[in-house]
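Now for the letters of each chain:
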Amino acid sequence: MNAQDVSEKELPYHQIPAPPETYTAGTVVARMIDGLGFRYYWATHGLTADNLSYKPSDKNRTVDETVDHLYGLSRVIYNSAKKDINDRTVPQDVITSFDHKRRQTLQNLKMASDIFKKVTDLTDHEIIFKNKNGTVKFPFWNQINGPIEDAVWHSGQLAVMRRAAGNPIDPEVNVFLGVRGRQQN
């Protein structure tokens with residue numbers, strides 16, 4: 001195993017964590033986020049500089065722009081978990097390094113999942129946006145069909161774009177089991 005492999009295994013989601021022992025609203029949402037984290041991990045693992053600049057057409061985002069969008073979605077998911085406002089009136093930290101964006105996105109998803117695993121009632125975990133015109137709140141339902149599912153969608157786009165760019169996802173990745181490698185039943 002080389003140094004990069006060790007560093008990669010320190011990141012969350014090289015495999016999906018063991019499932020919670022009980023089913024609650026929070027543990028189900030946490031598991032959805034864990035599945036997203038696993039897909040994102042492998043959709044972004046081993047991307048090259050050429051892959052990051054790839055886009056299917058002039059009207060599409062590049063892979064790197066899609067990674068930026070996923071980072072932003074991970075922040076919204078994490079802020080909802082923490083019950084924090086997505087404050088668009090203050091400048092956001094700009095992360096230019098792909099490795100840093102990837103690491104922070106994975107960490108945001110893991111921290112959100114860890115919070116939701118302890119939650120039984122999602123009512124207070126609204127999505128709150130603040131901009132120059134005021135504050136808008138959305139119920140947790142919008143978290144599911146909005147940022148979480150949007151991030152799953154875009155992780156799939158990354159998988160398709162990297163394949164089109166000549167660097168497909170490792171064929172040993174098993175999204176059903178949440179592991180890389182063949183597992184015995």
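**Student:** Explain the overall build of the protein chain to me, and be specific about the residues and the numbers.
**Tutor:** Looking only at helices and strands, one finds 6 helices and 5 strands in the protein chain. Shown N-terminal to C-terminal, the secondary structure of the protein chain runs as helices and strands in the order α-α-α-α-β-α-β-β-α-β-β. Here the C-alpha coordinates of the protein chain stretch approximately 45 × 45 × 30 Å along the principal axes. Here the protein chain holds 185 residues, and 38% of them are scored as buried. The long-range share in the protein chain, meaning contacts at least 24 apart out of those at least 6 apart in sequence, stands at 73%. Surface summary for the protein chain: the accessible area is close to 10,800 Å², and the carbon and sulfur share equals 51%. Here the protein chain contributes 23 positively and 22 negatively charged side chains, and the mean placements of these two sets differ by 2 Å.

**Student:** Tell me what's going on with the packing of helix 2 (residues 25–44) against helix 5 (residues 98–116), and back it up with residues and numbers.
**Tutor:** At a minimum axis distance of 8 Å, the contact between helix 2 and helix 5 shows a crossing angle of 165 degrees. As far as their axial angle goes, helix 5 and helix 2 are roughly antiparallel. Classified by chirality, the crossing of helix 5 by helix 2 is left-handed. Contacts from G26, T27, V29, A30, I33, D34, L36, G37, Y40, Y41 and T44 of helix 2 reach helix 5 at F98, K101, R102, T105, L106, L109, A112, S113 and F116. Its residues placed into classes, the contact of helix 2 with helix 5 shows 11 nonpolar, 6 polar and 3 charged.

**Student:** Account for helix 6 (residues 140–164), with residues named and values stated.
**Tutor:** Helix length check: helix 6, at 25 residues, gives a terminal C-alpha distance of 35 Å against a target of 36 Å (1.5 Å per residue), a fit within 8%. Along helix 6, the helix axis deviates most sharply at E149, where the bend reaches about 35 degrees. Buried within helix 6 we find F140, Q143, G146, P147, I148, A151, H154, S155, L158, M161 and R162. Tucked into the core, helix 6 has its buried residues touching helix 2, helix 4 (63–82), helix 5, strand 2 (127–131) and strand 3 (134–138).

Conventions we followed
Residues numbered from 1 in each chain as written. Predicted model: local features only at pLDDT ≥ 70, side-chain atom pairs only at ≥ 80, totals over all residues. Heavy atoms only, no water. Helix = DSSP H or I, 4+ residues; strand = E, 2+ residues; numbered from the N terminus. Buried < 20%, exposed > 50% of the residue type's maximum accessible area, 1.4 Å probe, protein only. Contact = heavy atoms within 4.5 Å. Areas by Shrake-Rupley, 256 points an atom, 1.4 Å probe, with all protein chains shown as cover. Lys, Arg positive; Asp, Glu negative; His and termini not counted. Charge placed at Lys NZ, Arg CZ, Asp CG, Glu CD. Axes fitted to C-alpha atoms, helices over the stretch in contact; angles between N-to-C directions. Parallel < 35°, antiparallel > 145°, perpendicular 65-115°, else oblique. Left-handed = near helix turned anticlockwise from the far one by under 90°. Nonpolar A, V, L, I, M, F, W, Y, C, P; charged D, E, K, R; others polar. Expected span 1.5 Å × (residues − 1). Bend = angle between axes of the 7 residues up to and from the residue.

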